[in-house]
Protein chains: 2
Amino acid sequence: MTTSLSGARTGAARLAALASLAADETRAGFLLALLDGRAWTAGELARHAGVAASTASEHLGKLVAGGLLAEERQGRHRYVRLADARVAQLVEDLAAQVSPTAAARPRTLREAGAGSAMARGRTCYDHLAGRLGIAVTDALTGLGLLRQDTGFALTDEGVNWFEGVGIPLVRTGQRPLARACLDWTERRPHLAGIAGAALCQHALNANWCTRIGSERAVKVTEKGEQALSQLLGIQADTLR
Amino acid sequence: MTTSLSGARTGAARLAALASLAADETRAGFLLALLDGRAWTAGELARHAGVAASTASEHLGKLVAGGLLAEERQGRHRYVRLADARVAQLVEDLAAQVSPTAAARPRTLREAGAGSAMARGRTCYDHLAGRLGIAVTDALTGLGLLRQDTGFALTDEGVNWFEGVGIPLVRTGQRPLARACLDWTERRPHLAGIAGAALCQHALNANWCTRIGSERAVKVTEKGEQALSQLLGIQADTLR
DNA sequence: CCCATCGTTCGGCGGTGGCCGAAGTGTGGG
DNA sequence: CCCACACTTCGGCCACCGCCGAACGATGGG
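Reading the values: rules and limits
- Residues numbered from 1 in each chain as written.
- Chains lettered and ligands numbered in written order.
- Predicted model: local features only at pLDDT ≥ 70, side-chain atom pairs only at ≥ 80, totals over all residues.
- Heavy atoms only, no water.
- Domains from an automatic or database assignment.
- Contact = heavy atoms within 4.5 Å.
- Buried area = accessible area lost by both parts, 1.4 Å probe.
- Salt bridge = Lys/Arg side-chain N within 4 Å of Asp/Glu carboxyl O.
- Polar contact = N/O pair within 3.5 Å; in protein donor to acceptor, adjacent residues only side chain to side chain.
- Pairing = 2+ DSSP bridges.
- Helix = DSSP H or I, 4+ residues; strand = E, 2+ residues; numbered from the N terminus.
- Axes fitted to C-alpha atoms, helices over the stretch in contact; angles between N-to-C directions.

Quick look at the domain arrangement of chain A
Where interface size is given, it is often the accessible area lost as the parts come together that is meant.
All names here are of chain A.
Thinking step 1. Partitioning chain A into domains gives domain 1 (11–83) and domain 2 (104–239).
Thinking step 2. Averaged C-alpha coordinates put domain 1 and domain 2 at centres separated by 26 Å.
Thinking step 3. Counting residues at the interface gives 6 residues for domain 1 and 8 residues for domain 2.
Thinking step 4. Carbon and sulfur atoms supply 55% of the area that domain 1 and domain 2 bury against each other, a total of about 650 Å² over both sides.
Thinking step 5. It is Leu 35, Asp 36 and Arg 38 that lose the most area in domain 1 upon contact with domain 2, and together they represent 65% of the buried surface on that side.
Thinking step 6. Our count for the domain 1 to domain 2 interface comes out at 0 salt bridges.
Thinking step 7. Across the contact surface, domain 1 and domain 2 share 1 residue pair in polar contact (both at pLDDT 80 or more).

So, the sheet that holds strand S6 (residues 146–147) of chain B
Thinking step 1. One open sheet holds the 4 strands; their spatial order is S6(A)-S7(A)-S7(B)-S6(B), and the pairing between them is antiparallel. Of all the strands in the sheet, the pair left with one neighbour each is strand S6 (146–147) of chain A together with S6 of chain B.

Some thoughts on the sheet that holds strand S3 (residues 77–82) of chain B
Residues and elements named next belong to chain B.
Thinking step 1. Within the open sheet, the 3 strands sit side by side as S1-S3-S2. Their pairing is antiparallel. Looking along the sheet, the strands with just one partner apiece sit at the ends: strand S1 (40–41) and strand S2 (69–74).
Thinking step 2. Both S1 and S3 contribute to a ladder of 2 bridges, which runs antiparallel. Across the sheet, Trp 40 pairs through a bridge with Val 80, a residue of S3.
Thinking step 3. Those strands touched by helix H2 (residues 25–34) are S1, S2 and S3, and its axis lies near 75° from that of S3.

This is the structure:
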C-alpha cells in the first residue's frame, strides 16, 4: 500500500509527501542521474549512488509509488526513468535553485574533463543543454525565430523554420511548444518543451551529435557543425 | 551555523537539503500560506498550522536559513514572507504537481464558501489567479496581446497595451516579462512574471479588486468590472 | 539442469528530526 | 515600573526513516 500524493489529504500533507521523495540524498541522486532522460536499471543507480542494491530497491519503490518514476520490467532488469516531462521540469527547477552561481569546481582532472564535456553540450531530459543548448537558443533568438524579450515563445517564422528543416512539431496534450529551461552551468535559459525535444531528437537521429559514453554529455559531429552553421549560422568554434 | 544549500556539497545533497525544507507538513503549510505574497507573523503561522509557537519558531529558522523565506523584525514581531519570485514559483510548481485533478472537495459549507471565493479570484504570490486570473489571461490572448500557442509571451501589441493602460513594465534582473503559472483549481495557465505582477498591483491600487478578509481571495469591485469590460472585453458575469 | 545475476523482502540498528512544555529574552503598553 | 505578549532556547521524548546483510525469488545463459 502506498500513500498517494493526491489522496484525501490536505495540500500541505501532499506537498510534504512530494518533497519527501526528493529530500533524501540517495533519491535526489537518482533523480539527477535520470535527468539525462534515459532509463537506468536499479543496479546502475545503486552503484551510481554507492548504496546496497536492497537500499536502492526500496528507494525506487517510493519514487515509483509517488509517481515521479515510471518503470518497465524487462526480464530480470527493472528499468526506471522519469515519469514524464512534467516531473523532469520539476527536478530541473529544483536543481537550478540549488546552484545559484557556478557549481562547485571540479577537483580532479578526470572530473574536470567530464565537467568540461558536460559544459560543452549535454541533454537535459529530452532537450539540448550546456553551451550547445545555449548556442542554439541564442541563434534562434537572433534570427527572429524565438522571442525571449517578452516571455518565451516561437515566432511564426520559428514554427516555419522547424517545418522547413523537417522537424515536425506535434502538439501533445498540455505541454507547451516552447518553454525556457534554466541551465545550471550557463545560468541562462535554453529551449525546452515540444520544440526543444523535437530538435534534440532530430539532432541525435540526423547524427548532428552523439552521446559520449554512457553519460549525459553529447559531442557535436562534423556533420552537425555544418548543419548548425548552415541552418542557424552558428560558428563551429563556439561549440568547442 | 547553518548547512547552506549551495555549499561545498554534491548536487544530490544540495537538492535533498532543499527538498527537506518542504518535506515537513508543518513547513509545507507555511509555504502554501505564504503563497499569498504577504508577510505573516510567526504566531499567525503557528496558529494556522496548529503547532506550538516554539515549534513554529524552529521551522521558520530553517526556512530562513535555507533561503526560502525572508524575515523582517518589527518590535516584538517577526514577519516572514517568501524570499523572492523564484521561490514563489518553485512552491507553485510543487503545489501544482500534487493537485493533478480538481482538489479535494470542500466538506463543510464554510469551506465551500471560502473555496468558491478562492476559485473566483485570488492572488498567487504577486499575480492574479483563479477564474479572475484565467479570464484576464484568456482575454489578453483573444485580443492578440498574449500568445500561448507557441510558448508564452506578450506580443508587441501586448506591451503597448500595458503602456497604454498606464501599467509600467519595469524589467528587473532575470525575471521574465511574461510567464505561465499553472492554476491549481482551473488547471490552466495564467499570466505571471513581471507583467502579471504589475497587472495585479495595478488592479489592487486602482481598486479594481480588493482582498477579502485576511485570506488570499480577492473580489472584483464594480469599478473593476467596468475597467475589465472596457479594456479587455471581459463580461462581468464571467467573474461571478 | 545448474548457476550466475538481478532484484526484493525482512529484521535490526542507529541517527535524525519534529514535537512539546518550561524557562528565558526582549518589546511595548498601561 | 510592572505586566502582557511575541518569540526563542533548551531538554527530553518518541517516531520515523535510511542503511545494511542475509535470505529468498526470478530470470536467462551455458
